[in-house]
Amino acid sequence: MKIVLSGFYGLGNTGDEAILKAIVDNLRSELNNPDITVFSLSPEQTAKEHGVKSVYRGWRHGNKEKVKALREANLLISGGGGLLQDTYPTKFLFGPLPYYLLIVFLAKLCGAKVMFFSQGIGPVTSTWGKILMKVFANMADFVTVRDDYSKEYLHSLGVKRPETVVTADIVFAFQGTTDTSAYDSLQLDGSEKLVAVAPRPWFEQEEEYIEKMAWVLDELIEQRQVTPVFVPMEPPYDTNVSKKILAKMKHADATKLLGEQFTPNQFYNFIGQTDLTLALRLHALIFAALSNVPHIGLSYDRKVESFLKRSGMWKHSFPLEDFTKEALLTEAIYTLDHSAEVNAMMEPNVDVLRQEARRNVTLLKEKFGRTAK
């Protein structure tokens with residue numbers, strides 16, 4: 001089966017690279033020798049890291065190669081992740097939303113089937129974005145989304161023609177291998193109580209939450225003798241935010257900052273060795289859940305809240321625009337002091353999410369397993 005993958009690949013975002021690894025690994029586990037081509041901004045690197053064919057994803061060049069790949073493909077997988085949104089400016093055919101939908105249109109013109117795969121939908125607020133969704137998203141042959149909200153939102157945009165099934169983020173089917181490179185780089189002695197911190201830049205809330213996070217981490221160091229470790233899931237942006245938090249801390253010398261060179265698998269292994277994860281980054285929270293590490297999210301987007309409700313940790317988490325530093329500290333101390341209780345609560349929820357994530361590929365096989373040109 002010949003498959004093309006279209007997503008936010010080759011741009012150095014750990015979450016999206018984890019999505020790509022999870023999709024490729026699970027396709028290879030469940031399908032008989034799939035022929036996979038990935039549209040990537042860094043095609044040579046993507047091809048090397050994942051053992052796939054890769055074509056430049058942008059419109060500047062490689063267009064003949066994209067058309068050729070789609071003409072030969074049985075299926076275009078669009079996703080996973082939050083591709084279909086216009087948080088960033090959408091003007092006519094410029095912006096993420098038009099790009100991904102035009103790839104869908106091109107695939108249909110080339111005779112390939114299209115599956116939106118484990119996607120989170122929205123927000124789509126511009127008039128032009130809503131028109132594009134209603135016209136082009138309805139061209140998909142089948143859709144899986146990672147939460148109920150995404151299904152409801154998709155239908156509210158008038159995308160009702162393809163069948164839509166709620167599953168889970170494909171990273172819950174992440175097939176990690178043991179690699180302690182990230183942990184080893186910190187030269188720890190093994191006795192530390194580690195708190196992974198995965199921030200991100202976020203518009204007008206950034207300065208306020210930086211102040212609050214710095215205070216909370218200082219208090220955790222003083223009250224629970226933790227070692228906070230910043231995990232830059234999308235360098236250099238997350239590294240820069242981490243340094244801003246460090247600059248506000250009294251005990252910056254008691255914290256660590258991971259390097260930017262690590263793979264999704266290495267970050268996954270590191271988070272699995274921590275006692276608590278505090279994060280804005282969705283896939284840092286998912287890595288924690290997969291390792292049964294208590295996690296507290298600051299939700300800047302509905303996708304983060306939706307995940308935390310499914311993992312059971314929303315009652316300990318907060319909307320980014322509405323939390324106090326005292327409340328965040330209280331929840332962090334509670335989860336550190338009651339980790340066994342929190343783990344027991346999370347475990348069955350995460351097992352369901354693992355099963356639902358694998359279901360993305362099961363449904364793909366059912367719908368397109370016999371597809372041939």
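Here, every reference points to the structure presented above.
These numbers come from a predicted model, not from an experiment.

Criteria and cut-off values
Each chain has its residues counted from 1, running along the sequence as written. Reporting in this predicted model follows two pLDDT cut-offs: at least 70 for local features of residues, and 80 or more for side-chain atom pairs to be given and counted; totals over whole chains, interfaces and linings ignore these cut-offs and use all residues. Values shown for side chains rest on all heavy atoms present in the structure; no hydrogens or waters enter the calculation. Pairs of strands are assigned from DSSP output, requiring at least two bridges between the strands. Strands are runs of DSSP state E lasting at least 2 residues, helices are runs of H or I lasting at least 4, and numbering of each runs from the N terminus. Contacts are assigned to residue pairs with any non-hydrogen atoms lying within 4.5 Å of each other. A fitted line through C-alpha atoms serves as each axis, taken over the contacting stretch for helices, and the angle formed by two N-to-C directions is quoted from 0 to 180°. A cavity here means a set of points on a 1 Å grid, drawn over the protein atoms and nothing else, where a 1.4 Å probe fits but cannot get out; a pocket is an open set with protein on both sides within 12 Å along at least five of seven lines, and a residue lines either one if it has an atom within 4 Å of a point. Grid points are joined across faces, edges and corners, and a volume is the space filled by probe spheres set on the points. Residues were grouped as follows: Ala, Val, Leu, Ile, Met, Phe, Trp, Tyr, Cys and Pro as nonpolar; Asp, Glu, Lys and Arg as charged; and all remaining residues, including Gly, as polar. Any Lys or Arg side-chain nitrogen located within 4 Å of an Asp or Glu carboxyl oxygen qualifies as a salt bridge. Relative accessible area decides the class of each residue, using a 1.4 Å probe on protein chains only: under 20% of the type maximum gives buried, over 50% gives exposed, and in between gives partly exposed. For our purposes a nonpolar core is just a set of buried Ala, Val, Leu, Ile, Met, Phe, Trp, Tyr and Cys residues, chained together by side-chain atoms within 4.5 Å. If the strands point away from the viewer and the path from the first strand over the helix to the second runs clockwise, then the crossover is right-handed.

Chemist: In this structure, what is going on with the sheet that holds strand E9 (residues 226-230)? I would like to understand it.
Modeler: Paired through backbone hydrogen bonds, the strands of a sheet run either parallel or antiparallel to each other. Ordered in space as E10-E9-E8-E11-E12-E13, the 6 strands form an open sheet in which the pairing is parallel. Strands at the two margins of the open sheet, each flanked by one partner only, are strand E10 (256-257) and strand E13 (318-319). Running over the sheet, helix H8 (residues 206-224) touches strand E8 (193-198), E9, strand E11 (276-279) and strand E12 (295-299) and is turned about 150 degrees from E9.

Chemist: For this particular structure, what's the right way to read empty space enclosed by the protein?
Modeler: Which parts of space are left empty comes out when a probe the size of a water molecule is rolled across the atoms. If you walk through the whole model with that rule in mind, you get 1 cavity of 30 Å³ or more. Of the voids in this model, the largest cavity is the one considered here, and its volume is about 90 Å³. Around the largest cavity sit Arg146, Asp147, Ala168, Asp169, Phe172, Leu282, Ile286, Lys303, Ser306, Phe307, Arg310 and Leu353, which together line it. At the level of elements, helix H11 (282-290) and helix H12 (302-311) are the ones that each hand at least two residues to the lining of the largest cavity. The biggest single contributor to the lining of the largest cavity is H12, with 4 residues. Among the residues making up the lining of the largest cavity, the classes are represented as 6 nonpolar, 1 polar and 5 charged.

Chemist: What is the right way to look at the pattern of salt bridges in this model?
Modeler: Here the structure, examined in full by the defined rule, presents 17 salt bridges. We note a salt bridge from glutamate 30 to lysine 365, for which the minimum N-O separation is 3.6 Å. Here glutamate 30 is found in helix H1 (residues 14-30), whereas its partner lysine 365 is found in helix H14 (residues 339-368), with 335 residues between them in sequence. Its relative accessible area of 33% is what places lysine 365 among the partly exposed residues. Salt-bridge contacts for glutamate 206 lead to lysine 244; the nearest nitrogen and oxygen are separated by 3.0 Å.

Chemist: What should I look at first to understand the nonpolar core in this one?
Modeler: What tends to happen in soluble globular proteins is that the nonpolar side chains get buried as a cluster. The biggest cluster of nonpolar side chains holds 96 residues, and the ones touching the most others in it are Leu5, Leu27, Leu220 and Phe270. Beyond its immediate chain neighbours, meaning those up to four positions away, leucine 27 contacts Ile3, Leu5, Pro34, Ile36, Ile77, Val361 and Leu364. Among the nonpolar cores identified, the runner-up in size contains 35 residues, and Tyr100, Val114, Phe116 and Tyr153 belong to it.

Chemist: Is there a simple way to explain the environment of methionine 345 in this structure?
Modeler: On the secondary structure map, methionine 345 appears in helix H14. Residues methionine 345 and glycine 312, 33 residues apart in the sequence, show an inter-C-alpha distance of 7.1 Å. The residues touching methionine 345, leaving out its near neighbours within four places in the chain, are Ser311, Gly312, Met313 and Lys315.

Chemist: What's the story with the side chain of asparagine 26 in this structure? I'm lost.
Modeler: Its place among the elements puts asparagine 26 in helix H1. Not counting residues up to four positions away in its chain, the partners in contact with asparagine 26 are Ala173, Gln175 and Val361.

Chemist: Would you explain the sheet that holds strand E5 (residues 113-119) in this entry?
Modeler: Read from one edge to the other, the open sheet built from 7 strands follows the order E3-E2-E1-E4-E5-E6-E7, with strand pairing classed as parallel. Edge positions in the sheet fall to strand E3 (53-56) and strand E7 (163-166), since each has one partner strand and no second. Here the average twist between neighbouring strands, direction ignored, is 20 degrees. Pairing geometry for strand E2 (residues 35-40) and E3, over 4 bridges, is parallel. Looking at E3, one finds that serine 40 is bridged to tyrosine 56.

Chemist: Sorry if this is basic, but what is going on with the pairing of E5 here?
Modeler: Burial runs high along E5: 6 of the 7 residues are buried. When strand E4 (residues 75-81) meets E5, the two strands line up parallel, connected through 6 bridges. For isoleucine 77, the partnering residue across the bridge sits in E5 and is methionine 115. Judged from the 3 bridges that link them, E5 and strand E6 (residues 142-145) form a sheet pairing that is parallel. Bridging from a neighbouring strand, glutamine 119 pairs with valine 145 of E6. In this fold, the crossover linking E5 to E6 by way of helix H5 (residues 127-136) has right-handed handedness.

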